[in-house]
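Overview (structure and organization)
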Amino acid sequence: MDEKNETLGRRIARLRLECGMTQERLAMKMGVTAQAVSKWENDLSAPDISLLPELARTLGVTVDELLEGRKSQEIVPAEPEPQPEPEPEPETTPSHSDGSRPKKLHIHVDSSDGDVVNINAPLGMASAVLGVSSKIPGVVNLNLNDADIDTTLIAEAIKHGEKGTLIEVDGDDGDHVTISLE
């Protein structure tokens, strides 16, 4: 999708994934639930206006870039903003509670006609699974590009060793897709 025509929700999802964060991690940083982040990203709701400065800082952009999707020409704050505490450099090995890196890609689809698809694939096969665009016999058409899911951003999350829900999408046709790393 062209960044100029990108919705706020899609922009939040793209920026979150570019930062290598799961919905849960962004929610924790923002003091909201993962469901709230999912609703933002699916354009079912928008972040409270009071959260926008912190959300923009967390995602590494200005509020203008977050809202408008373009780089600001010049930023002239009305008053100096307090500088945030420097965040530690990203770890090459993430510090998960069990100290492990994700081992598999999980895609779960609940289709509107009652079919359920669960795909669990080792991370080594993730790119092949994410590239699937043919119909899985008798189940559901799993074409992630049709859902406007940027698989390169998922690959970045894999590279950063993220765990948890990366994307949760409710389609116009009633299908519900969840992509996570376990």
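See above for the structure.
Criteria and cut-off values
Every chain is numbered independently, its residues counted from 1 as its sequence is written. Note on the predicted model: pLDDT of at least 70 is required for a residue's local features to be given, and 80 or more for side-chain atom pairs to be given and counted; whole-chain, interface and lining totals, by contrast, use all residues. Excluding hydrogens and water, the side-chain values take into account all heavy atoms of the structure. Per-residue accessibility, obtained with a 1.4 Å probe over protein chains only, is compared with the maximum for each type, and a residue is labelled buried under 20%, exposed over 50%, and partly exposed between these values. We count a stretch as a helix when DSSP gives it H or I for four or more residues in a row; a strand needs E for two or more, and each element gets its number in order from the N terminus. Note: the arc covers the axis-to-C-beta directions of the helix. Throughout, a residue-residue contact means that at least one pair of heavy atoms, one from each residue, lies within 4.5 Å. Strands qualify as paired when DSSP identifies two bridges or more between them. A fitted line through C-alpha atoms represents every axis, and for helices the fit uses only the stretch in contact; the resulting angles, taken between N-to-C directions, go from 0 to 180 degrees.

Moving on, we come to helix α4 (residues 52-59). Every α-helix carries 3.6 residues per turn, so stepping three or four residues along brings you back to the same face. Turning to α4, its buried residues are Leu-52, Leu-55, Ala-56, Thr-58 and Leu-59. End-on view of α4: buried residues confined to an arc of 165°, all on one side of the axis. Taken together, the buried residues of α4 touch α1 (8-18), α2 (23-30), α3 (34-41) and α5 (63-68). Of the residues flanking the end of α4, it is Gly-60, one or two places downstream, whose phi is positive at about 75°.

This brings us to the sheet that holds strand β4 (residues 176-181). Taken together, the four strands give an open sheet; going across it, the order is β2-β1-β4-β3, and neighbouring strands pair in antiparallel fashion. Bordering the open sheet on either side are β2 (116-122) and β3 (164-170), each of which pairs with just one other strand. Neighbour-to-neighbour, the strand axes of this sheet turn through a mean angle of 10°, independent of strand direction. Bridge analysis of strand β1 (residues 104-110) against β4 gives six bridges, and the strand direction is antiparallel. Its bridge partner being in β4, Leu-105 is matched across the sheet by Leu-181.

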